[in-house]
Amino acid sequence: MTTITVANEEEIIRKLSSYIEKISNDAIHNRGKFYVGLSGGSVVKYLSEGLPKVNTDWSKWVLAFCDERLVPEDSEDSTFGVYCKQMIPKTLLDKSQFITIKQGVNAEEAAKDYTEQLIKAFGGDDFKFDLLLLGMGPDGHTCSLFPNHTLLNETQLKVAAITDSPKPPPERITLTYPVINSARNCIFAASGAAKAEMIKRILKDKEDLPAARVKPTHGSVYWIVDAAAAQHL
Ligand SMILES: O=C(O)[C@H](O)[C@@H](O)[C@H](O)[C@H](O)COP(=O)(O)O
């Protein structure tokens, strides 16, 4: 695990973008494609501001969601919807490169369908994402994996349904730890004093919180934090 502390949010975006450029270009050079998992929250802003300056072959990107809410795509709660509005127009990415959840089905079916879409995209059920871009919530959650939830112990499913998310909306799908911890790289980016206490609990006190369980077996995990978020480290 590598912690990178930078001055402010602008520097987080710069650092994050340089990792994305390097990881995407390595993946494309070595394997022909770049598989990346996206999160909502501030990651959307970081990418909307940072990606336009990234030098990469956009046509080789395959984008999925680390978690997604079961809402219509035009709902303001849809993570894909937010990316469509805020990020995609600033890049050369096309909507067709995104693996999105099936509409009009329940969470269980959406999770099953998402798994099938990923199997197709990866050409098998070995989902080795090149990069997962992760957020961390105020309770230490990441993806839609919340503290003390039974999904923390999921070992069989690759994508799971959740219908009792403590953070609304309640119905979602999420990648599970077997997939998360198979990734080649995971990056958390967090800024601001509001994150400081939770960052300390995870990175210094090593509390067993969902975000702390992101430990890729054969990959790397990076925490890019600004000075305010790192103040208790
Ligand atoms: O699905 C969600 O409800 C959000 O995407 C959520 O999981 C978010 O990623 C974290 O709460 C971190 O949010 P910030 O990055 O905005 O702090």
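Residues numbered from 1 in each chain as written. Predicted model: local features only at pLDDT ≥ 70, side-chain atom pairs only at ≥ 80, totals over all residues. Heavy atoms only, no water.

Engineer: Before we move on, can you summarise the UniProt feature "domain: Glucosamine/galactosamine-6-phosphate isomerase" (unreviewed entry) in the chain with the specific residues and values?
Structural biologist: The sites that UniProt annotates as "domain: Glucosamine/galactosamine-6-phosphate isomerase" (unreviewed entry) are residues 8–223. With 32% helix and 16% strand, residues 8–223 has its two end C-alpha atoms placed 14 Å apart. (UniProt positions renumbered as here; feature names shortened; annotations may be inferred. Helix = DSSP H or I, 4+ residues; strand = E, 2+ residues; numbered from the N terminus.)

Engineer: Run through the pairing of strand S3 (residues 61–65), naming residues and quoting values.
Structural biologist: The buried count for S3 comes to five of five residues, which makes it a mostly enclosed element. Residues Trp 61, Leu 63 and Phe 65 line one face of S3 and the alternating positions Val 62 and Ala 64 line the opposite face, and both faces are buried. Pairing analysis gives five bridges linking strand S2 (residues 34–38) to S3, with the strands arranged parallel. In the strand pairing of S3, Tyr 35 is matched with Val 62. Once the chain exits S2 it traverses helix H2 (residues 42–50) before rejoining the sheet at S3, and the crossover so formed is right-handed. (Buried < 20%, exposed > 50% of the residue type's maximum accessible area, 1.4 Å probe, protein only. Pairing = 2+ DSSP bridges. Right-handed = clockwise from strand over helix to strand, strands pointing away.)

Engineer: Just give me the short version of the pattern of salt bridges, but keep the residues and values in it.
Structural biologist: According to the stated counting rule, one finds 13 salt bridges in the structure shown. A salt bridge links Asp 57 to Lys 60, with the nearest nitrogen and oxygen atoms 3.1 Å apart. One salt-bridge network, held together by shared partners, links Glu 10, Glu 11 and Arg 14. (Salt bridge = Lys/Arg side-chain N within 4 Å of Asp/Glu carboxyl O.)

Engineer: Which residues make up the site of the ligand, and what values go with them?
Structural biologist: Taken together, Gly 40, Gly 41, Ser 42, Asp 67, Arg 69, Met 136, Gly 137, His 141, Cys 143, Lys 167, Arg 172 and Lys 195 make up all the residues around the ligand. Contacts to the ligand include Asp 67, whose side-chain N or O atom sits 3.5 Å from an oxygen atom. A distance of 2.7 Å is found between an oxygen atom of the ligand and a side-chain nitrogen or oxygen belonging to His 141. The protein chains hide 86% of the 420 Å² of surface that the ligand would expose on its own. Broken down by class, the residue content of the shell around the ligand amounts to two nonpolar, five polar and five charged. (Near = heavy atom within 4 Å. Polar contact = N/O pair within 3.5 Å; in protein donor to acceptor, adjacent residues only side chain to side chain. Areas by Shrake-Rupley, 256 points an atom, 1.4 Å probe, with all protein chains shown as cover. Nonpolar A, V, L, I, M, F, W, Y, C, P; charged D, E, K, R; others polar.)

Engineer: Quick rundown of the sheet that holds S2? Include the residues and the values.
Structural biologist: Ordered in space as S1-S9-S8-S5-S2-S3, the six strands form an open sheet in which the pairing is parallel. At either margin of the open sheet sits one strand with a lone partner, and together these are strand S1 (2–6) and S3. Each strand axis lies, on average, 20° off the axis of its neighbour in the sheet, ignoring direction. The sheet contacts of H2 involve S2, strand S5 (131–134) and strand S8 (185–190), and relative to S5 the element is tilted by about 120°. Here helix H4 (residues 107–122) sits on the sheet and contacts S2 and S3; the angle it forms with S3, its principal contact strand, is near 160°. (Axes fitted to C-alpha atoms, helices over the stretch in contact; angles between N-to-C directions. Contact = heavy atoms within 4.5 Å.)

Engineer: Quick rundown of the nonpolar core? Include the residues and the values.
Structural biologist: As a rule of thumb, nonpolar side chains are buried together in soluble globular proteins. Judged by nonpolar contacts, the single largest core of 84 residues is most densely connected at Leu 47, Trp 61, Leu 118, Phe 129 and Leu 133. No other element matches the seven residues that helix H1 (residues 9–31) contributes to this core. Setting aside residues no more than four positions away along its own chain, Trp 61 makes contact with Ile 20, Ser 24, Ile 28, Phe 34, Val 36, Leu 51, Thr 56, Leu 93 and Gln 97. (Core = buried A, V, L, I, M, F, W, Y, C linked by side-chain atoms within 4.5 Å.)

Engineer: Tell me what's going on with the packing of aromatic side chains, and back it up with residues and numbers.
Structural biologist: Using the criterion set out here, one finds 11 aromatic pairs in the structure. Geometrically, the ring pair formed by Tyr 19 and Tyr 222 is tilted, given 4.6 Å between the ring centres and 45° between the ring planes. A residue pair is termed long-range when its members are at least 10 positions apart, and Tyr 19 in helix H1 and Tyr 222 in strand S9 (residues 220–226) qualify at 203 residues. According to the relative accessible area criterion, Tyr 222 is buried, its value standing at 16%. Seen from the ring of Phe 127, Lys 158 lies directly overhead, with NZ or CZ sitting 5.2 Å from the centre. (Phe/Tyr/Trp six-rings, centres within 6.5 Å; stacked < 30°, edge-to-face > 60°. Lys NZ or Arg CZ within 6 Å of the ring centre and 35° of its normal.)

Engineer: Break down the sheet that holds strand S4 (residues 67–69) for me, citing the residues and quoting the values.
Structural biologist: An order of S4-S7-S6 is seen for the three strands of this open sheet, with the pairing classed as antiparallel. The sheet terminates laterally at S4 and strand S6 (159–162), the two strands that pair on one side only. Along the sheet, successive strands turn relative to each other by an average axial angle of 15°, direction set aside. When S4 meets strand S7 (residues 172–175), the two strands line up antiparallel, connected through three bridges. Each residue of the ladder has a partner; that of Asp 67, found in S7, is Thr 174. Sheet contacts for H4: S6 and S7; angle to S6, the most-contacted strand, approximately 165°.

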